[in-house]
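Results of the structural survey
Chain by chain, the residues:
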Amino acid sequence: MWWRAVIAGLVIAGVSQLADRFPRLGALLLTLPVVSIVAFVAVWNKEQDLATVSRLARETLILVPLGLPFFVPLTFSQRLGIGFWGSFALGIFLASITIGLWFWLGPQATE
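Rules behind the numbers
- Residues numbered from 1 in each chain as written.
- Predicted model: local features only at pLDDT ≥ 70, side-chain atom pairs only at ≥ 80, totals over all residues.
- Heavy atoms only, no water.
- Axes fitted to C-alpha atoms, helices over the stretch in contact; angles between N-to-C directions.
- Helix = DSSP H or I, 4+ residues; strand = E, 2+ residues; numbered from the N terminus.
- Parallel < 35°, antiparallel > 145°, perpendicular 65-115°, else oblique.
- Contact = heavy atoms within 4.5 Å.
- Nonpolar A, V, L, I, M, F, W, Y, C, P; charged D, E, K, R; others polar.
- Expected span 1.5 Å × (residues − 1).
- Buried < 20%, exposed > 50% of the residue type's maximum accessible area, 1.4 Å probe, protein only.
- Arc of directions from axis to C-beta.
- Phe/Tyr/Trp six-rings, centres within 6.5 Å; stacked < 30°, edge-to-face > 60°.

**Remarks on the packing of helix 1 (residues 2-21) against helix 2 (residues 23-31)**
Running from N to C, helix 1 and helix 2 point in directions that differ by 155°, and their axes come no closer than 6 Å. With respect to each other, helix 1 and helix 2 are oriented roughly antiparallel. Of the residues in helix 2, those touching helix 1 at Val11, Gly14, Val15, Leu18, Ala19 and Arg21 are Pro23, Leu25, Gly26, Leu29 and Leu30. Split into classes, the residues belonging to the contact of helix 1 with helix 2 amount to eight nonpolar, two polar and one charged.

Now the structure itself:
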């Protein structure tokens, strides 16, 4: 468990350092699914069950695009005159709506 926390911390530190000087490279590092890769390996090592990993991948494939509305207010915050925390909260709200609608209206997860 500790090595997953170390990897996540290194990614966050790396992105923040890189984004100061090279925002595009910082964004590239954010787009790499490092957390997903580590999670898939951890689930595989724990369960040794491809069906479990497959279900996790399928749900992730659906939920990642549904979380993308989080970035819209941050992207347009300067044009709209919204501060960081306002656009951050609005992004969480928008992503919560899209993900919440999926959980409410989408197919039920099967075990």
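What follows continues from the structure just given.
**What to know about helix 7 (residues 84-105)**
Counted at 1.5 Å a residue, the expected span for helix 7 with its 22 residues is 32 Å, and the 31 Å between its end C-alpha atoms agrees. By the burial criterion, the buried members of helix 7 are Ser87, Gly91 and Ala95. One side of helix 7 holds all its buried residues, which, seen down the axis, span an arc of 65°. Opposite the buried face of helix 7, at more than 90 degrees from it, the exposed residues are Trp85, Phe103, Trp104 and Leu105.

**Some thoughts on the environment of Val41**
Residue placement: Val41 occurs in helix 3 (residues 34-47). For Val41, a relative accessible area of 40% puts it in the partly exposed group. In the structure, Val41 is positioned twelve residues away from Val53 in sequence and 8.8 Å away in space, judged by C-alpha atoms.

**Side note on the side chain of Ser77**
Tracing the backbone through its elements, the reader meets Ser77 in helix 6 (residues 77-80). Those residues in contact with Ser77 that sit more than four places away from it in its chain are Ile82 and Ser87.

**Things to note about the packing of helix 1 against helix 3**
At their nearest, the axes of helix 1 and helix 3 sit 10 Å apart, and the two run at 170° to each other. As far as their axial angle goes, helix 3 and helix 1 are roughly antiparallel. Facing Trp3, Arg4, Ile7 and Val11 of helix 1, the residues of helix 3 in contact are Val34, Val38 and Ala42. Looking at the contact of helix 1 with helix 3 residue by residue, the classes come out as six nonpolar, no polar and one charged.

**Description of the packing of aromatic side chains**
Applying the stated criterion across every chain yields a total of five aromatic pairs. Ring centres 5.5 Å apart and planes at 85° place the aromatic pair Phe70 and Phe88 in the edge-to-face group. Here Phe88 lies in helix 7 and Phe70 lies in the loop between helix 4 (50-67) and helix 5 (71-75), a separation of 18 residues in the sequence. Given the relative accessible area of 28%, Phe88 is considered partly exposed. Put simply, the rings of Phe70, Phe71, Phe84, Trp85 and Phe88 pair up and form one aromatic cluster.

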